[in-house]
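# Tertiary structure, described
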Amino acid sequence: MIETEAVVTEVGAGGGIEVQSAAAAGCGQCSTSGGCGGGRTILGTRPGGGCRMRVHGDLAVRPGDRVVIGLPESGYLRASVALYLVPLGGMFAAASVAEWLVGRLGLAAGDVLILVAGLSGLAAGFLWQRGFNRRMAADPRFQARLLRRAPLDGEGGAGGEAA
């Protein structure tokens, strides 16, 4: 579970809780220049700022409470595959098929056709990704959720109140 601290800004009906996430998320490398920033990306934060998002949880909270929100790693891994591998796979597959056809048919201007096919495969991968992202956003298994209250500044340990 990828976790970050946030502050509750609004409590809605039906368990919907709006939070403002803290600026840092993910591993300790997110705030350094050499880090990948993956935790910031998947939880929607950006360097130097936070992000407002709606999460679900069973914990009774009020606006102003500090909480810990989390995102399952499985969602992060699926999103990474969809973001990187699918569009590139589409580009290489389409370019390979076009190269085979150009070689088989002996077409003139084959390089241009291969380029166009590769770009078309890349575009098809991005279009597929849009639908995939919508499906993931609607699936409760991959949504950020409220885990627990954040420990007060004087408290040690990783725990807080459990949900």
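Preceding block: the structure.
In this report, we go over the structure that sits alongside the text. Counting of residues starts from 1 at the beginning of each chain's written sequence and follows it residue by residue. Per-residue local features are limited, in this predicted model, to residues with pLDDT of at least 70; the limit for side-chain atom pairs, both in listing and counting, is 80 or more; totals at the level of whole chains, interfaces and linings are taken over all residues. Here the side-chain values reflect all heavy atoms present in the structure, with hydrogen atoms and water set aside.

## Observations regarding the overall build of the protein
- Each helix and strand counted, the protein has three helices and five strands in total.
- Secondary structure follows DSSP: runs of H or I at least 4 residues long count as helices, runs of E at least 2 residues long count as strands, and numbering of each begins at the N terminus. Secondary structure elements of the protein, listed N to C terminal, follow the sequence β-β-α-β-β-α-α-β.
- Within the span of the protein, comprising 163 residues, buried residues form 33% of the whole.
- Counting only contacts in the protein whose residues sit at least 6 apart along the sequence, the fraction spanning at least 24 positions is 70%.
- Within the structure as shown, the protein displays about 9,800 Å² of accessible surface, and the carbon and sulfur contribution to it stands at 61%. Each residue's exposure class comes from its accessible area (1.4 Å probe, protein chains only) as a fraction of the maximum for that residue type: buried when under 20%, exposed when over 50%, partly exposed otherwise. In this description, contact between two residues means that some pair of their heavy atoms is separated by no more than 4.5 Å. Note on areas: Shrake-Rupley, 1.4 Å probe, and residue coverage restricted to the protein chains presented here.

## A few points about the pattern of salt bridges
- A pairing counts as a salt bridge when a side-chain nitrogen of Lys or Arg comes within 4 Å of a carboxyl oxygen of Asp or Glu. Counted according to the given criterion, the structure contains two salt bridges.
- Note that Glu5 is salt-bridged to Arg66, the shortest N-O span being 2.5 Å. Here Arg66 lies in strand β4 (residues 66–71) and Glu5 lies in strand β1 (residues 2–11), a separation of 61 residues in the sequence.
- Of the residues examined, Glu5 reaches a relative accessible area of 31% and is grouped as partly exposed.
- Here Asp65 and Arg149 are joined by a salt bridge, their closest N and O atoms 3.1 Å apart. With a gap of 84 residues between them, Asp65 in the loop between β3 (52–56) and β4 and Arg149 in strand β5 (residues 145–149) connect regions that are remote in the sequence.
- Judged by relative accessible area, which is 21%, Arg149 ranks as partly exposed.

## Re the packing of helix α2 (residues 73–105) against helix α3 (residues 110–138)
- Across the interface, α2 lies against α3 with an axial gap of 7 Å and an inter-helix angle of 155°. One element, α2, and the other, α3, form an angle in the roughly antiparallel class. Seen along the crossing, α2 lies across α3 with a hand that is right-handed.
- Amino acids are sorted into nonpolar (Ala, Val, Leu, Ile, Met, Phe, Trp, Tyr, Cys and Pro), charged (Asp, Glu, Lys and Arg) and polar (every other residue, Gly among them). Broken down by class, the residue content of the contact of α2 with α3 amounts to 19 nonpolar, seven polar and two charged. Simply put, an axis is a line fit to the C-alpha atoms, just over the touching stretch for a helix, and the angle between two N-to-C directions goes from 0 to 180 degrees. What sets the label is the angle itself: under 35 degrees gives roughly parallel, over 145 gives roughly antiparallel, 65 to 115 gives roughly perpendicular, and the rest give oblique. Two helices crossing with the near one rotated counterclockwise from the far one by less than a right angle form a left-handed crossing, whereas a clockwise rotation gives a right-handed crossing.

## A closer look at α2
- One less than the residue count of a helix, multiplied by 1.5 Å, gives the span that helix is expected to have. For α2, built from 33 residues, the straight-helix expectation of 48 Å at 1.5 Å per residue is met to within 8% by its first-to-last C-alpha distance of 47 Å.
- The largest bend in α2 is about 30°, located at Ala82.
- Among all positions in α2, only Gly75, Ala82, Pro87, Ala95, Ala98 and Val102 are buried.
- The elements touched by buried residues of α2 are α3.
- After α2 finishes, the residue Gly106 shows a positive phi value of roughly 65°. Values of bend correspond, residue by residue, to the angle between axes fitted over the seven residues ending at that residue and the seven starting there.

## Let's talk about the pairing of β3
- Every second residue of β3 is oriented toward a common face, the buried set being Met53 and Val55 and the non-buried set Arg52, Arg54 and His56.
- By the bridge criterion, five bridges tie strand β2 (residues 16–21) to β3 in an arrangement that is antiparallel. In the sheet register, Gly16 faces β3, and the bridge partner there is His56. One bridge is not enough; two strands pair if DSSP finds at least two bridges between them.

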